[in-house]
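Given next are the chains, with one letter for each unit.
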Amino acid sequence: DHRRFCLFCLSAFRDPMAMERANLLNMAKLSIKGLIESALSFGRTLDSDYPPLQQFFVVMEHCLKHGLKVKKTFLGYNKSLWGPLEMVEKLCPEAGEIAASVRDLPGLKTPLGRARAWLRLALMQKRLADYLRVLITRKDILSDFYESSAVMLEEEGAVIVGLLVGLNVIDANLCVKGEDLDTQVGVIDFSMYLKNDIDDYRSEERNGQIAAILDQKNYVEELNRQLNSTVQGLQGRVDSLEKSNSKLIEELAIAKNNIIKLQEENHQLRTENSVILMKAQQRLEVAKGDASCELDTYKQSRQGLDEMYNEARRQLREECQLRQDVENELVVQVSMKQEMELAMKLLEKDIHEKQDTLIGLRNQLDEVKAINVEMYQKMQTSDDGMKHKNDMIARLEEKTNQITATMRQLEQRLQDAERDRLSAEDGMRRFKQDFANKADSLQKQIAQREKQMLQLETDLKIEREWRQTLQNDLERERETVAQLSAEAQQINALKKEFHRLQDENTQLKGICEEQEQHFICYKSKLYVGSFQGGQVWLKDKDATHCKLCEKEFSISRRKHHCRNCGEIFCNACSDNELPLPASPKPVRVCDTCHALLLQRCSSNTT
């Protein structure tokens, strides 16, 4: 023992995390054991002020904090329990309610407070061991929050989670909303776990009691699970049988309804087919007579219309040719007018240019005059440069003479241009008058031609409309003939379809009669032994009318047996169901038997 203790001390000295895990495991065992014993001896629901419960939450907080990684945030470095506990919501959907209620608590401001509230709510729900078991199985998720040597990642964590299963026998009612969980100091009180010999003896007795209670609880839970599984299996079988029964009933009802609908449709098709044949024959006879008469009238009127149309077309061509000639002359006159306007614009541009050159020459003359004045003044002031100035004056005079000559020439040209412009304006006026006269005469001719053309067009429109109406009538007749031929083809197709439906109807009737005979034989076997001495199961061929309302049976009004008296009734007189001694299920009975059986039942009960 001494050697083992020394080896344990050496290993603990070498690995302090292992020592911490062992201490936390021992504290968890003591706190869980003490809480269960004290709760069983206390004998009622635990509240938040119960000291062993407070110590249990402190120990669980230390176990969950062991080996937590430090995470960097905006406010510094922080260790948070809420991170791994919040992941339980993703792994186990049942924990979503606890996480949502923790987030909605108004007094919680720190992640540590949310983690403490989560532990308390999970204990009240009796699912703390289940949630932590789901969490420790996911080592890949826990490795993001814990170091590799933390309690939650080692075997000690699994042992602690196994010990937490015993807390399911405890009922706790904790008020989390009004409790200050953010500022509580989690310190373990070791004085609660220091016991004497008497306490050891009592603890052994309590351990025996707790073990017996846990065994009984496990046995009851196992029985409950087995009963639930058997109940679910039986419920599934009952549901499947009910579904199959309902499907069979629906299929039988659908088959009966389809047979009745086919019989009704067959009768309607017969009547409609006969009516369609009569109408089609009448329409064909009337249409043939009308078409022959209208074809004769159309052939006679078409010849006269063609002659009138050819004459009107020839006149229209002549008028169009005349109008084309007039339009060509008008285009030539317009082009001549445009050329004259262009010539006038060119003359005006030349006049403006010549006026600009005259203005420039006059400015040059003014400059020369100014130069002469200056030279004259200089000639008076300077006698030495007289000869030179005289030469300059002579030159300038020559230049002035040349300029005056050019000015005279330009003025002469300007006068000639003015004369040409006046003559052009006179010619333009004359041309305008002639053009206006010709345009008026042409306009009058065009107006006359247009009137004639409008009259011809109106006549042509009338002829066209008449011809169009005749063509429309002819097309309508053709359409009616085509419709009648199509209807005749449809009638032939309907005849073929009708013959096919008759064959199918006969086949369906044979199948229906066979099924009815089999069904009647089966019903007779079932119910023939259930009648009393004077009652007989009546055959279908012996009854042609309903016994109650005396209406005749047909395809739409079918025969039904009363399971009590054996007589045959229609559906309206036997639309009742009651259980009989021969069959515990409700079966069809007639109205009289229904009233009689109800009267017997009421008398028996009284």
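Cut-offs used in this document
Residues numbered from 1 in each chain as written. Predicted model: local features only at pLDDT ≥ 70, side-chain atom pairs only at ≥ 80, totals over all residues. Heavy atoms only, no water. Helix = DSSP H or I, 4+ residues; strand = E, 2+ residues; numbered from the N terminus. Buried < 20%, exposed > 50% of the residue type's maximum accessible area, 1.4 Å probe, protein only. Areas by Shrake-Rupley, 256 points an atom, 1.4 Å probe, with all protein chains shown as cover. Core = buried A, V, L, I, M, F, W, Y, C linked by side-chain atoms within 4.5 Å. Contact = heavy atoms within 4.5 Å. Axes fitted to C-alpha atoms, helices over the stretch in contact; angles between N-to-C directions. Parallel < 35°, antiparallel > 145°, perpendicular 65-115°, else oblique. Left-handed = near helix turned anticlockwise from the far one by under 90°. Nonpolar A, V, L, I, M, F, W, Y, C, P; charged D, E, K, R; others polar. Phe/Tyr/Trp six-rings, centres within 6.5 Å; stacked < 30°, edge-to-face > 60°. Lys NZ or Arg CZ within 6 Å of the ring centre and 35° of its normal. Polar contact = N/O pair within 3.5 Å; in protein donor to acceptor, adjacent residues only side chain to side chain. Arc of directions from axis to C-beta. Pairing = 2+ DSSP bridges. Patch = residues over 30% accessible without salt bridge, like charges linked within 9 Å, V, L, I, M, F, W, Y side chains within 5 Å. Salt bridge = Lys/Arg side-chain N within 4 Å of Asp/Glu carboxyl O. pLDDT = per-residue confidence, 0-100.

### Some remarks on the overall build of the protein
Okay, so step 1: When helices and strands are tallied, the protein shows 13 helices and 6 strands.
Okay, so step 2: Burial statistics for the protein: of 606 residues in total, 26% are counted as buried.
Okay, so step 3: Taken as a whole, the protein presents about 42,300 Å² of accessible surface, with 54% of it coming from carbon and sulfur.

### A word on the nonpolar core
Okay, so step 1: Counting residues in hydrophobic clusters, the biggest one holds 59 residues, and the most contacted among them are Leu53, Phe56, Trp118, Tyr146, Leu164 and Leu167.
Okay, so step 2: Sorting the residues of this core by element identifies α2 (16-42), α3 (51-65), α4 (82-86), α6 (96-104), α7 (111-125), α8 (128-136), α9 (139-142) and α10 (155-163) as the ones contributing at least two each.
Okay, so step 3: Those residues in contact with Phe56, other than ones at most four positions away along the chain, are Ser31, Ile32, Leu35, Leu123, Leu128, Leu164 and Leu167.
Okay, so step 4: Formed by 16 residues, the second largest nonpolar core is a distinct cluster that contains Cys546, Cys562, Ile568 and Val589.

### Points about the packing of α2 against α3
Okay, so step 1: Direction vectors running N to C along α2 and α3 enclose 155 degrees, while the axes themselves pass 9 Å from each other. Comparing the axis directions of α2 and α3 gives the class roughly antiparallel. By crossing handedness, the relation of α2 to α3 is classed as left-handed. On α3, the residues that touch Leu24, Met27, Ala28, Ser31, Ile32, Leu35 and Ser38 of α2 are Pro52, Leu53, Phe56, Val59, His62 and Cys63.
Okay, so step 2: Split into classes, the residues belonging to the contact of α2 with α3 amount to 10 nonpolar, 3 polar and no charged.

### Here we look at the packing of aromatic side chains
Okay, so step 1: Taken as a whole, this structure holds 2 aromatic pairs when the rule is applied.
Okay, so step 2: Between Phe56 and Phe57 the ring centres are 5.5 Å apart and the planes differ by 55 degrees, which places this aromatic pair in the tilted class.
Okay, so step 3: For Phe56, a relative accessible area of 0% puts it in the buried group.
Okay, so step 4: On the numbers, 5.9 Å between centres and 45 degrees between planes, the contact of Trp118 with Tyr131 is tilted. In this pair, Trp118 is assigned in helix α7 and Tyr131 in helix α8, connecting sequence segments 13 residues apart. Across the pair, Tyr131 and Trp118 agree in class, each one buried.
Okay, so step 5: Just above the ring of Phe57 sits the side chain of Arg120; from NZ or CZ to the centre is 4.3 Å.

### Here's the deal with the side chain of His561
Okay, so step 1: By secondary structure assignment, the location of His561 is in strand β3 (residues 560-561).
Okay, so step 2: Here Leu538 takes part through its backbone oxygen, which lies 2.4 Å from a polar atom of the side chain of His561.

### Focus on α8
Okay, so step 1: Listed in full, the buried residues belonging to α8 are Leu128, Ala129, Tyr131, Leu132, Leu135 and Ile136. Projection of α8 onto a plane perpendicular to its axis shows the buried side chains occupying an angular sector of 165 degrees, all on one side.

### Let's talk about α6
Okay, so step 1: When α6 is considered as a whole, its buried residues turn out to be Gly96, Ile98, Ala99 and Val102. The buried residues of α6 all sit within an arc of 160 degrees when viewed along its axis, so they share a single face. Opposite the buried face of α6, at more than 90 degrees from it, the exposed residues are Glu97 and Asp104.
Okay, so step 2: Buried residues along α6 sit in contact with α4, α5 (88-91), α7 and α8.

### Section: the pairing of strand β5 (residues 576-579)
Okay, so step 1: Alternating residues of β5 divide into Asn576 and Leu578, all buried, and Glu577 and Pro579, none buried.
Okay, so step 2: Pairing geometry for β5 and strand β6 (residues 586-589), over 4 bridges, is antiparallel. When the sheet's bridge partners are listed, Asn576 is paired in β6 with Val589.
Okay, so step 3: Hairpin connection between β5 and β6: a loop of 6 residues separates the two successive antiparallel strands.

### Some remarks on the packing of α8 against α10
Okay, so step 1: Orientation of α8 relative to α10, taken along the N-to-C sense of each, is 160 degrees, at an axis distance of 9 Å. Here α8 lies roughly antiparallel to α10, going by the angle between them. By crossing handedness, the relation of α8 to α10 is classed as left-handed. For the pair formed by α8 and α10, the contact residues are Ala129, Leu132, Arg133 and Ile136 on the first element and Gly157, Ala158 and Val161 on the second.
Okay, so step 2: Among the residues forming the contact of α8 with α10, the class breakdown is 5 nonpolar, 1 polar and 1 charged.

### Focus: a nonpolar patch on the surface
Okay, so step 1: Together, Leu262, Leu508 and Ile511 line one region of the surface with nonpolar side chains, adding up to about 240 Å² of accessible area.
Okay, so step 2: Relative to the elements of secondary structure, Leu262 occurs in helix α11 (residues 197-381).
Okay, so step 3: Exposure remark for Leu262: the relative accessible area of 41% places this residue in the partly exposed category.

### With respect to the confidence of the model for the protein
Interpreting fine coordinate detail is not advised for predicted regions of low pLDDT.
Okay, so step 1: For the protein, the mean per-residue pLDDT works out to 79, and 85% of the residues sit at or above 70.
Okay, so step 2: Low pLDDT, under 50, characterises residues 4-10; the predicted model gives this stretch 1 contact beyond four residues in sequence or across chains.

### Some details on the environment of Val134
Okay, so step 1: Position of Val134 relative to the elements: it lies in helix α8.
Okay, so step 2: Judged by relative accessible area, Val134 falls into the partly exposed class, the value being 28%.
Okay, so step 3: Sequence separation of Val134 and Val161 is 27 residues, and the distance between their C-alpha atoms is 10.0 Å.

### Notes on the pattern of salt bridges
Okay, so step 1: Throughout the structure, instances matching the rule amount to 20 salt bridges.
Okay, so step 2: Between Lys65 and Glu61 there is a salt bridge; the shortest N-O distance is 3.3 Å. Highlighted residues: Lys65 and Glu61, both in helix α3, separated by 4 residues, approximately one helical turn.
Okay, so step 3: Owing to a relative accessible area of 7%, Glu61 belongs among the buried residues under this scheme.
Okay, so step 4: Between Arg103 and Glu86 there is a salt bridge whose closest N-O contact spans 3.3 Å. Pair noted here: Arg103 is in helix α6 and Glu86 is in helix α4, with a separation of 17 residues, a long-range link.
Okay, so step 5: Using a relative accessible area of 29% as the deciding quantity, one classes Glu86 as partly exposed.
Okay, so step 6: Each of Glu418, Arg421, Glu425, Asp426 and Arg429 takes part in a single network of salt bridges with overlapping partners.

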